[in-house]
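In case you want the letters, here they are:
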Amino acid sequence: MKFKQASWASDACLEPLVFELSRANRTGYTLPQKKLPEVNIPENLARTKLELPELSEPEIVRHYTRLSQMNYGVDSGFYPLGSCTMKYNPKICEELAALETASCIHPYQDEDTVQGALELMYKLERCLTEIAGVARVCLHPSAGAHGEFLGMLLTRAYHKSRGKESKEVIVPDSAHGTNFASAAMAGFDVIVVPSNSRGRVDIEALRKAVSKKTAALMLTNPNTLGLFEDEILEIAEAVHKVGGLLYYDGANLNGILGKTRPGDMGFDIVHFNLHKTFSTPHGGGGPGSGPIGVSRKLEKFLPVPVIEYNKKRRRYYLDYNRPQSVGKIKAFYGNFGVLVKAYAYILLMGANGLQEITEAAVLNANYITRKLQGVEGYELKFDASGPCKHEVVFSVEPMKKNYGVKAHFIAKRLLDFGVHAPTYYFPPIVPEALMIEPTETETKEELDRFIAAMKEIAEEAKSHPDKLLAAPTATAIGRLDEAKASREPILSWRMYRKLPSKI
Ligand SMILES: *Cc1c(COP(=O)(O)O)cnc(C)c1O
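None of the values given here were measured: they were computed from a predicted structure.

Some words on the packing of aromatic side chains
Reasoning step 1: Under the counting rule described, the total for this entry stands at 11 aromatic pairs.
Reasoning step 2: Aromatic pair Tyr248 and Phe267: ring centres 4.8 Å apart, planes at 75 degrees, arrangement edge-to-face. Note that Tyr248 is positioned in strand S5 (residues 245–248) and Phe267 in the loop between helix H10 (262–265) and strand S6 (269–271), a separation of 19 residues in sequence.
Reasoning step 3: Look at Phe267 and you get buried, because its relative accessible area is 3%.
Reasoning step 4: Consider the rings of Phe332 and Tyr333, whose centres lie 6.2 Å apart with planes at 65 degrees: the pair is edge-to-face.
Reasoning step 5: According to the relative accessible area criterion, Tyr333 is buried, its value standing at 14%.
Reasoning step 6: Stacked on the ring of Tyr122, the Lys or Arg Arg126 has its end atom at 4.1 Å from the ring centre.

So this is what it looks like as structure tokens:
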């Protein structure tokens, strides 16, 4: 079980602020007494009061250790946050990214001195090209959403170069919110197409929605219900027929790695979430990376610089001379540390390993589906006859109707079982949705523990719905007022200290 609270901490405040632990003149470190020259600091720049906490070294270590234990991460336990692919991040990848040769170089260094870094990025591009079945990859974007935005800029540049005024981007109603936002930010009008009773794109509605105004269709496959769009070839044909492009939201790549490729399905642009599929820490764990892959016809529009290899001189170099490029979308060449981890991970897994990832991720999701299917309160809204891919979406609408228990009550109660909450209320087409993505890195015992917790909570919904209302009770901080948390955020220790009563 997790660290709860220090015995001396009051109920109102679990871990005091470092300033509250501070005592005047207590020190953690003493500088050697060296004679230093006097300097004259202009009066307006000299500080008279330094507001720094004063603590001993063990106090500091214990304070931060306690804070770290109040947190929850992939290294603490099961984290089935659907769509986010919270798999375990191998520590060897961290070690490699921390090597001096990877972490102590600077993008302004001469190309000749960073050939290894350029080679790594070039080879990572080649791996991703092969994995997605595209012609070329660009590593610049910082996250999936950033990749989407770049994809939309490329779409605009492509149509413009052909003298076409294509203003509309089609997005299915099950799509991630960033799809709508990326298309709108790039200046497109967003057209929404509904899903059919099988939870897939309604192809008849799509055929009606496409026209010569269609710039692109944005789609993820498997979709956000964890279901494979089995009419993808017909979908691609409908969009291509009117001259539109097909954009692949790669957040769900963990469901198809090594089995099929977006390029083979007809997609023209693909983004990767290296921090999801390729196992680099995300959420609170670090920066992301959202490379983008494109088909041959879009290559010339990619941002600068592009990494190239001069065979004769056996030298990697950065090519800025690309007249049709959409320009720069990020400083330098992407989040390099993340790229190192992702490349290490791909080499670690190998081609067979990448396939096994998907096999285990899909098996795990189907195991949970079959074990919870039929448990009173958890309902599958769409065609549940076939297997799902790497994630499953249950609706707890029956629980809400019968006992007033909503999806987020269950999410919060799960925290008391030492499990991170699944994604809830997404995708929006499922009422009271709980979106569960176990990933491939979990054992059967861990899945069984989760399933047992879900069953126990379903029982509680009937017998003690009050327990669900009060949850979580085993975490450092209990139930928060969510509306207040977003309307009156407490963003600094100064604001926290001024609160009349602590959280
Ligand atoms: C995570 C996610 C995104 C956005 O990716 P970020 O890296 O978080 O910006 C887009 N679409 C889907 C389906 C996602 O799950």
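A closer look at the pattern of salt bridges
Reasoning step 1: By the definition in use, this model includes 33 salt bridges.
Reasoning step 2: Lys87 is paired through a salt bridge with Glu440; the nearest N and O atoms lie 2.9 Å apart. One end of the pair, Lys87, is in the loop between helix H2 (57–69) and helix H3 (91–98); the other, Glu440, is in the loop between strand S12 (433–436) and helix H14 (444–463), and 353 residues separate them in sequence.
Reasoning step 3: Judged by its relative accessible area of 13%, Glu440 falls in the buried class.
Reasoning step 4: Between Glu460 and Lys467 there is a salt bridge; the shortest N-O distance is 4.0 Å.
Reasoning step 5: Among the charged side chains, a salt-bridge network with shared partners connects Glu125, Arg126, Arg136, Glu308, Asp319 and Arg322.

Here's the deal with the sheet that holds strand S3 (residues 189–193)
Reasoning step 1: Strand order in the open sheet made by the seven strands is S1-S7-S6-S5-S4-S2-S3, with mixed pairing throughout. In this open sheet, the two edge strands, each paired with only one partner strand, are strand S1 (136–138) and S3. Direction aside, neighbouring strands of the sheet carry axes that sit 20 degrees apart on average.
Reasoning step 2: Of the strand pairs in this sheet, S6 and strand S7 (residues 292–294) are connected by three bridges, and their pairing is antiparallel. Among the inter-strand pairings, Val270 is bridged to a residue of S7, identified as Gly293.

Details of helix H7 (residues 177–185)
Residues separated by three or four positions in an α-helix point in the same direction, a consequence of the helix having 3.6 residues per turn.
Reasoning step 1: All of the buried residues in H7 are Asn179, Ser182 and Ala183. End-on, the buried residues of H7 take up no more than an arc of 95 degrees, which puts them together on one face.
Reasoning step 2: Elements in contact with the buried residues of H7: helix H6 (144–161), strand S2 (168–172), S3 and strand S4 (214–219).
Reasoning step 3: Just beyond H7, the residue with positive phi is Gly187, at close to 95 degrees.

Comments concerning the site of the ligand
Reasoning step 1: In the neighbourhood of the ligand, the contacting residues comprise Ser83, Ala143, Gly144, Ala145, Glu148, His176, Thr178, Asp249, Ala251, Asn273, His275 and Lys276.
Reasoning step 2: Contact between the ligand and Asn273: an oxygen atom at 3.0 Å from a side-chain N or O atom of the residue.
Reasoning step 3: At a separation of 2.7 Å, an oxygen atom of the ligand approaches a polar side-chain atom of His275.
Reasoning step 4: Surface burial for the ligand is 87%, taken as the share of its 380 Å² of free accessible area covered by protein chains.
Reasoning step 5: For the shell around the ligand, the leading source of residues is H6, giving three residues.
Reasoning step 6: Of the residues in the shell around the ligand, the class split is three nonpolar, six polar and three charged.

Topic: H14
Reasoning step 1: End to end, H14 covers 28 Å across 20 residues, agreeing with the expected 28 Å (1.5 Å per residue, within 8%).
Reasoning step 2: For H14, every residue scored as buried is listed here: Glu446, Leu447, Phe450, Ile451, Ala453, Met454, Ile457, Ala458, Glu460 and Ala461.
Reasoning step 3: As for H14, its buried residues are in contact with helix H11 (336–372), helix H12 (397–403), helix H13 (407–416), S12 and helix H15 (465–470).

Let's talk about the pairing of S3
Reasoning step 1: Taken together, the five bridges between S2 and S3 define a ladder with parallel strand orientation. Residue pairing across strands places Pro172 opposite Val193, the latter belonging to S3.
Reasoning step 2: After leaving S2, the chain enters H7 and then returns to the sheet as S3, a path that is right-handed.

What about unusual backbone geometry?
Reasoning step 1: Of the consecutive residues Val304 and Pro305, the connecting peptide bond is found in the cis state with omega at -5 degrees.
Reasoning step 2: Residue position: Pro305 is located in the loop between S7 and strand S8 (306–310).
Reasoning step 3: Residue Pro427 is reached from Phe426 by a cis peptide bond, and omega for that bond is -5 degrees.
Reasoning step 4: Mapped onto the elements of the fold, Pro427 is located in the loop between strand S11 (423–424) and S12.

With respect to the domain arrangement of the chain
When the parts of a complex come together, some accessible area is lost, and that lost area is often used as the size of the interface.
Reasoning step 1: Entries for the chain in the domain assignment read domain 1 (92–348) and domain 2 (352–487).
Reasoning step 2: Listed per partner, the contact involves 29 residues of domain 1 and 22 residues of domain 2.
Reasoning step 3: At the boundary of domain 1 with domain 2, total buried surface from both sides reaches about 1900 Å², with 62% on carbon and sulfur atoms.
Reasoning step 4: Linking Glu359 and Lys259 is a salt bridge whose minimum nitrogen-to-oxygen distance equals 2.5 Å.
Reasoning step 5: For the interface between domain 1 and domain 2, the tally reads seven residue pairs in polar contact (both at pLDDT 80 or more).

Things to note about the sheet that holds S12
Reasoning step 1: Taken together, three strands build an open sheet; the order of strands is S10-S12-S11 and the sheet is antiparallel. The open sheet has two edge strands with one neighbour each: strand S10 (392–395) and S11.
Reasoning step 2: Bridge analysis of S11 against S12 gives two bridges, and the strand direction is antiparallel. What sits directly across from Thr423, in S12, is Met435.

Digging into the pairing of S2
Reasoning step 1: Where burial is concerned, most of S2 is hidden: five out of the five residues are buried.
Reasoning step 2: By the alternation rule, side chains of S2 split into Glu168, Ile170 and Pro172 and Val169 and Val171, which are all buried.

Re the packing of H11 against H14
Reasoning step 1: Following both chains from N to C, one finds H11 and H14 inclined at 30 degrees, their axes separated by 10 Å at the closest point. By the angle class used here, H11 and H14 are roughly parallel. Crossing of H11 against H14: the hand is right-handed. Taken together, the residues of H14 that come into contact with H11 (itself represented by Asn364, Tyr367, Ile368, Lys371 and Leu372) are Lys444, Leu447, Asp448, Phe450, Ile451, Met454 and Lys455.
Reasoning step 2: Of the residues in the contact of H11 with H14, the class split is seven nonpolar, one polar and four charged.

Reading the values: rules and limits
- Residues numbered from 1 in each chain as written.
- Predicted model: local features only at pLDDT ≥ 70, side-chain atom pairs only at ≥ 80, totals over all residues.
- Heavy atoms only, no water.
- Phe/Tyr/Trp six-rings, centres within 6.5 Å; stacked < 30°, edge-to-face > 60°.
- Helix = DSSP H or I, 4+ residues; strand = E, 2+ residues; numbered from the N terminus.
- Buried < 20%, exposed > 50% of the residue type's maximum accessible area, 1.4 Å probe, protein only.
- Lys NZ or Arg CZ within 6 Å of the ring centre and 35° of its normal.
- Salt bridge = Lys/Arg side-chain N within 4 Å of Asp/Glu carboxyl O.
- Pairing = 2+ DSSP bridges.
- Axes fitted to C-alpha atoms, helices over the stretch in contact; angles between N-to-C directions.
- Arc of directions from axis to C-beta.
- Contact = heavy atoms within 4.5 Å.
- Near = heavy atom within 4 Å.
- Polar contact = N/O pair within 3.5 Å; in protein donor to acceptor, adjacent residues only side chain to side chain.
- Areas by Shrake-Rupley, 256 points an atom, 1.4 Å probe, with all protein chains shown as cover.
- Nonpolar A, V, L, I, M, F, W, Y, C, P; charged D, E, K, R; others polar.
- Expected span 1.5 Å × (residues − 1).
- Right-handed = clockwise from strand over helix to strand, strands pointing away.
- Domains from an automatic or database assignment.
- Buried area = accessible area lost by both parts, 1.4 Å probe.
- Parallel < 35°, antiparallel > 145°, perpendicular 65-115°, else oblique.
- Left-handed = near helix turned anticlockwise from the far one by under 90°.

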